[in-house]
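Tertiary structure, described
Below, each chain spelled out in residue letters.
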Amino acid sequence: AIIEKMEINGQDMIWTLRDANITVENSQINNTTDMCIDEMKITFENIIIKHFIWLGSETRSPEGKLISKKENIEIEDKNAIKEFKKIFQSYCRILGHSELKNQEQNSYLFTIDCLKGVCEFILVFKNATSEWDRYKGKAWYLD
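Residues numbered from 1 in each chain as written. Predicted model: local features only at pLDDT ≥ 70, side-chain atom pairs only at ≥ 80, totals over all residues. Heavy atoms only, no water.

Let us look at the side chain of Asp38. Following the sequence through the fold, Asp38 ends up in strand E3 (residues 35–45). For Asp38, a relative accessible area of 18% gives the class buried. Engagement of the side chain of Asp38 in a polar contact is seen with the side chain of Arg18, the distance being 3.0 Å. In contact with Asp38, other than residues within four places in its own chain, are Leu17, Arg18, Asp19, Arg134 and Lys136. (Helix = DSSP H or I, 4+ residues; strand = E, 2+ residues; numbered from the N terminus. Buried < 20%, exposed > 50% of the residue type's maximum accessible area, 1.4 Å probe, protein only. Polar contact = N/O pair within 3.5 Å; in protein donor to acceptor, adjacent residues only side chain to side chain. Contact = heavy atoms within 4.5 Å.)

What follows covers the confidence of the model for the protein chain. When pLDDT is averaged along the protein chain, the result is 89; 100% of the residues meet or exceed 70. When mean pLDDT is taken per element in the protein chain, strand E7 (residues 73–74) scores highest with 96 and strand E1 (residues 2–9) scores lowest with 86. (pLDDT = per-residue confidence, 0-100.)

The geometry of an aromatic ring pair is captured by two quantities: the separation of the ring centres and the angle between the planes. Inspection of the entire model under this criterion finds twelve aromatic pairs. Arranged with centres 6.5 Å apart and planes meeting at 80°, the rings of Phe44 and Phe110 form a pair that is edge-to-face. Here Phe110 lies in strand E9 (residues 106–114) and Phe44 lies in strand E3, a separation of 66 residues in the sequence. Given the relative accessible area of 5%, Phe44 is considered buried. With a centroid separation of 5.5 Å and 85° between ring planes, the pair formed by Trp140 and Tyr141 is classed as edge-to-face. (Phe/Tyr/Trp six-rings, centres within 6.5 Å; stacked < 30°, edge-to-face > 60°.)

Core analysis: the largest hydrophobic core is formed by 31 residues, its most contacted members being Trp15, Ile112 and Phe121. If you list the elements that add at least two residues to this core, you get E1, strand E2 (12–22), E3, strand E4 (48–54), helix H1 (80–84), strand E8 (92–99), E9 and strand E10 (117–125). Each residue touching Trp15, except ones within four places of it in the same chain, is listed here: Ile3, Lys5, Met6, Met40, Lys41, Ile42, Phe44, Phe84, Ile94, Phe110, Ile112 and Phe121. (Core = buried A, V, L, I, M, F, W, Y, C linked by side-chain atoms within 4.5 Å.)

Below, the discussion takes up the pairing of E9. For E8 and E9, the ladder comprises seven bridges, and the chain directions are antiparallel. Among the inter-strand pairings, Gly96 is bridged to a residue of E9, identified as Thr111. Hairpin geometry of E8 and E9 is characterised by an intervening segment of six residues between the two adjacent antiparallel strands and by a positive phi of about 60° at Asn102. In this sheet, E10 lies alongside E9 in antiparallel orientation, the contact comprising nine bridges. Residue pairing in the sheet places Asn106 in a bridge with Phe125 of E10. Between the end of E9 and the start of E10, which pair antiparallel, lie two residues. (Pairing = 2+ DSSP bridges.)

A word on the side chain of Ser107. The residue Ser107 is located in strand E9 in this model. Beyond its immediate sequence surroundings of up to four residues, Ser107 is in contact with Ser98, Glu99, Leu100, Ile122, Leu123 and Val124.

On to the environment of Gln28, then. Take Gln28: it is sitting in the loop between E2 and E3. Taking C-alpha positions, Gln28 is 8.9 Å from Glu131, a pair spaced 103 residues apart along the chain. Filtering out sequence-adjacent residues up to four positions away, Gln28 remains in contact with Ser130 and Trp132.

Okay, here's the thing in structure tokens:
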């Protein structure tokens, strides 16, 4: 999914996504097939951002020789929201996400690509709601 807009409103975070896929496990879907949504708004309530990391990288020659290396940059949890706001300033897309089980609250690990680089963070929230008006078609992975 492409993140078109992110904003923090008090303790809540709101994402506007384009081309998001919704699975039949979602209680709000009224289809028997996973669907793609043209535009979706997700509101995460009472958020905490933890373990924010700008991911490092390596550049290698065709022979496998290391040309350059950039180390991970870990951000202290107390500065995570401030650092997170930096990715609002440019185009972003979600590369991956996974639910972290056995947590007190809802916790997801997100990997996001933006102009500044690729970052990972844990988003903890009390509740999330999603809203959309129409389906674009079947989820891309079904065709």
